[in-house]
Amino acid sequence: MNVDDLEELADKHREEYAAVKTEIRVCTAASCQSSGALPVLEALTTGCDASDHAGCCVKQVGCMGLCSAGPLVAIAAKDAPLDQAQIYRDVAATDAPEILTSAKTGTPMERLHCPTEMPFFARQQRIVLENSGIVDPNSFKGYVALGGYHAMVHALTEMTPAEVIAEVTTSGLRGRGGGGYPTGLKWSTVAKMPATQKYVICNADEGDPGAFMDRAILESDPHRVLEGMAMAAYAIGANKGFVYIRAEYPLAVERLKTAIRKAKRAGFIGHHICETEFNFDIEIRLGAGAFVCGEETALMASIEGGRGQPRPRPPYPAESGLWGHPTLINNVETYANIAPIVREGGDWFAGIGTERSKGTKVFALAGAICNTGLIEVPMGTPLRDIIEAIGGGIPGGKAFKAVQTGGPSGGCIPEAHLDIPVDYDSLKTLGTIMGSGGMIVMDETSSMVEVARFFMEFCMSESCGKCIPCRAGTAQMHGLLDRIVKGEAGRQDLALLEELCEVVQATSLCGLGQTAPNPVLSTLRYFRAEYEQRLLEQAA
Amino acid sequence: MPLPTPQSSVRVVTMKVDGLDLSAREDETIIEVCRENQIPIPSLCYLDGLSILGGCRLCLVELEGQSRLFAACSTRVAEGMRVVTNSERLQHYRRTIVELLFAERNHVCSVCVSNGHCELQNLAQGCGVNHVRMPYRYPHYEVDSSHEMFRVDHTRCVLCSRCVRVCDEIEGAHTWDIMGRGSDCQVITDLARPWGDSSTCTSCGKCVQVCPTGALVKQGTSAGEMVKDQSFLPILARRRHQR
Ligand SMILES: Cc1cc2nc3c(=O)[nH]c(=O)nc-3n(C[C@H](O)[C@H](O)[C@H](O)COP(=O)(O)O)c2cc1C
Ligand code: SF4
Ligand code: SF4
Ligand code: SF4
Ligand code: FES
Ligand code: FES
């Protein structure tokens, strides 16, 4: 298959749907499904009879972002972007006739209207999510018709592996899984390893509480991730890939399986892809859902069939990964960025974002915020814009208190620092991290000591138990936080807590333990008074 | 004049440990070099002859020019490396780690079979732990005495996994494993069945000999009696390796 064949395939799909002028898109990603999207889909599908609604078709799509208003239905011209669609919120199956009438007549219906002029839609820049909410995640041809697999075919037939890596390096893309390691550098390291067997892994473990970016990407646009992985494999010289995904994501797994099957049938996965010498096979590996299995060495141990425990690095996976072979491991969102980079060029990508953090970032907004859901904004967007404009602020007239970023490895940012531009480095100066993109907003009613206790409890129960400081240290720290919350602790307990933060951070084997104290340290940094208030009064 | 012996591909590097100039083979780890040169580095999970775990973190050392710490057992030497094994910071961390271990399970040495011959007890003395600042967590575990010769007392286990590794890597039985997460981790025999019912255990006793604490002991030993002998391990390991 070459670029022309691909065009032909896309044309065929367009012909098939030539009669369609208007799409009625129903979000069937997990969040909307859980608020009842499937009955809506069914009602719309049965109600949309060809004679009466000529030119309309009902299509299931992935996440449109505003999950809290789901189920969402969008009426749009064929393949039109999200902000040019007419979006309806909180749709029930009984609303189907009205929606169909509106689609047929083109007159918007006021009752469920969700304005796309609102900053939530208008202020985003969708690159990773460009197809999300537009393409049918189960349709291979639909993806191709939107330009899918063009980048891969182009890379395989017209670029050398070194050129692909150079493009990724130029783009300045950094890993979206939390660490922010330069992707191009990682790729070229693995590419340089002299070995006949190499692997690529897609890390879709996503264990941070409050995060659902990777899940949504896989549910909404799975081919995009496969395309990125295939280009990575080509660039580094691998012929085998694994997607490690937690079993708690059944819908994402199902859609990924479908995507792999269809890509295989089309010859985009398998032998002699695009009539080149490049062979690439992808397998799914289900994780049982342990946070530590997102750590790369633990993840590889799990794929190999062992206990999901980290091991000391070096050697890094680039040198000795799966079964001792050089292995490239990247996050879902990282791979989802590759197709546009190859398509538009690394320079284009490097023009977006900030000096040291390029491109966009997908965030999952959760907690005390009006618009919970998924957003994608350029790196460097001020935190205040994200929370007040895009997120719509705090519900119930309450005051903002803090936003937690980076999950159990991150920390809290108070009101005073809300004007900071969000990128890898700026968040670090505040004692937190961007992490994989979870943002949990808290209003004035939340207790920061309890927030710290929540994350410590998470780390305590998710510790794999291999190394002592993380295993026993998080348990002790949780005990101390619990006593502080309950008003049973004294000043020496707080001192011990701070001391343990330092020891656990400095001595733990892997990132889980090394970062577990961060939520405590950051809440102590900005909300120390809350800790002090709960301490027992002690005689001098 | 005799010909020079053929050069092996492994090179020799020079390094400094606590200011002392040393030479080492480049495929050695820091702990191996320190042991050869009688430089004490506390450790619990490392045992010459077993695979490296890197779990106890007691062997952490400082490398000059690097802010993070490195585990001596899992870090290879390098030319010009300068190692500090005993800074105040390291001593403090080691003490805290040992305290964490004591508080995690129930270590009442006075009634323990290993009293006086226990590596954890020795470590505590070596690190200057004379009291534990954190609350003991007193977890409840059953003692498994079903094996006719040995006994496992989980309340003394430090989860160093030496038993797991020796049984798998040296004896080849793989009777032991670890189940659970975090502090709830527990060593198990076969599929968490009583040791006495194990169909894989050969009763060789290797696990008991390598266990650093009173967690694995011989039946019938009383307080202060359980002396362990690990001298077989490096010899066996090397022989296995040669084959
Ligand atoms: C405890 C722990 C959990 C992690 N969980 C994830 C995860 O769920 N998804 C992910 O992509 N990376 C996770 N990481 C980071 C990975 O180890 C690794 O750095 C990442 O997958 C590399 O991909 P990237 O360069 O594209 O970010 C985790 C790291 C640690 C220490
Ligand atoms: S195992 Fe060692 S430290 Fe624990 S009680 Fe027995 S003698 Fe004391
Ligand atoms: S006695 Fe030997 S075979 Fe049995 S569990 Fe211990 S090491 Fe394994
Ligand atoms: S039983 Fe002994 S050897 Fe086995 S993990 Fe526990 S302390 Fe280590
Ligand atoms: S899941 Fe439907 S909008 Fe996000
Ligand atoms: S001896 Fe190095 S970590 Fe245990």
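See the structure shown above.
Residues numbered from 1 in each chain as written. Chains lettered and ligands numbered in written order. Predicted model: local features only at pLDDT ≥ 70, side-chain atom pairs only at ≥ 80, totals over all residues. Heavy atoms only, no water.

Here's the deal with the sheet that holds strand S2 (residues 20-25) of chain B
Strands in a sheet are paired, the pairing made by backbone hydrogen bonds, and the direction either parallel or antiparallel.
Residues and elements named next belong to chain B.
1) Next: Across the sheet, 5 strands lie side by side as S2-S1-S5-S3-S4; this open sheet has mixed pairing. Here the strands that pair on one side only, and so sit at the sheet edges, are S2 and strand S4 (69-71). Direction aside, the axes of adjacent strands within the sheet are offset by 40° on average.
2) Next: Relative to strand S5 (residues 82-84), strand S3 (residues 60-63) runs antiparallel, the two sharing 2 bridges. (Pairing = 2+ DSSP bridges. Helix = DSSP H or I, 4+ residues; strand = E, 2+ residues; numbered from the N terminus. Axes fitted to C-alpha atoms, helices over the stretch in contact; angles between N-to-C directions.)

A closer look at the nonpolar core
1) Next: Ranked by internal contacts, the top residues of the largest apolar core, which has 118 residues, are A:Tyr149, A:Trp187, A:Val200 and A:Phe268.
2) Next: Looking at this core element by element, the count peaks at 10 residues for helix H11 (residues 222-236) of chain A.
3) Next: Counting residues in hydrophobic clusters, the runner-up holds 41 residues, among them A:Ile468, B:Val129, B:Met134 and B:Val158. (Core = buried A, V, L, I, M, F, W, Y, C linked by side-chain atoms within 4.5 Å. Buried < 20%, exposed > 50% of the residue type's maximum accessible area, 1.4 Å probe, protein only.)

As for the site of ligand 4
1) Next: The immediate surroundings of ligand 4 are formed by 13 residues, with B:Cys157, B:Cys160, B:Ser161, B:Cys163 and B:Cys211 found nearest.
2) Next: Partitioning the shell around ligand 4 into residue classes produces 10 nonpolar, 2 polar and 1 charged. (Near = heavy atom within 4 Å. Nonpolar A, V, L, I, M, F, W, Y, C, P; charged D, E, K, R; others polar.)

A look at the environment of A:Lys466
1) Next: Structurally, A:Lys466 is set in the loop between helix H19 (448-462) and helix H20 (468-485).
2) Next: Classification of A:Lys466 by relative accessible area gives buried; the value is 10%.
3) Next: Along the chain, A:Lys466 and A:Ala298 lie 168 residues apart, while their C-alpha atoms are 11 Å from each other.
4) Next: Setting aside its immediate chain neighbours within four residues, A:Lys466 contacts A:Gln309, A:Pro310, A:Arg311, A:Arg471, A:Leu509, B:Leu53 and B:Gly55.
5) Next: A polar contact of 2.8 Å, which involves the side chain of A:Lys466, links it to the backbone oxygen of A:Pro310.
6) Next: Here B:Leu53 takes part through its backbone oxygen, which lies 3.3 Å from a polar atom of the side chain of A:Lys466. (Contact = heavy atoms within 4.5 Å. Polar contact = N/O pair within 3.5 Å; in protein donor to acceptor, adjacent residues only side chain to side chain.)

Details of the pattern of salt bridges
1) Next: With the rule as written, the count across this model stands at 46 salt bridges over all chains.
2) Next: The shortest N-O distance in the salt bridge between A:Arg356 and A:Asp425 comes to 3.3 Å. With a gap of 69 residues between them, A:Arg356 in the loop between helix H16 (346-350) and strand S10 (360-367) and A:Asp425 in helix H18 (residues 424-429) connect regions that are remote in the sequence.
3) Next: Of the residues examined, A:Arg356 reaches a relative accessible area of 53% and is grouped as exposed.
4) Next: For A:Asp425, a relative accessible area of 23% gives the class partly exposed.
5) Next: Here B:Lys206 ties to B:Glu171 by a salt bridge, and the two come within 2.6 Å at their closest N and O atoms. (Salt bridge = Lys/Arg side-chain N within 4 Å of Asp/Glu carboxyl O.)

Some points on helix H4 (residues 162-171) of chain B
1) Next: Counting buried positions along H4(B) yields 7 of 10 residues, so the element is predominantly enclosed.
2) Next: Of all the residues in H4(B), the buried ones are B:Arg162, B:Cys163, B:Val164, B:Arg165, B:Val166, B:Cys167 and B:Ile170.

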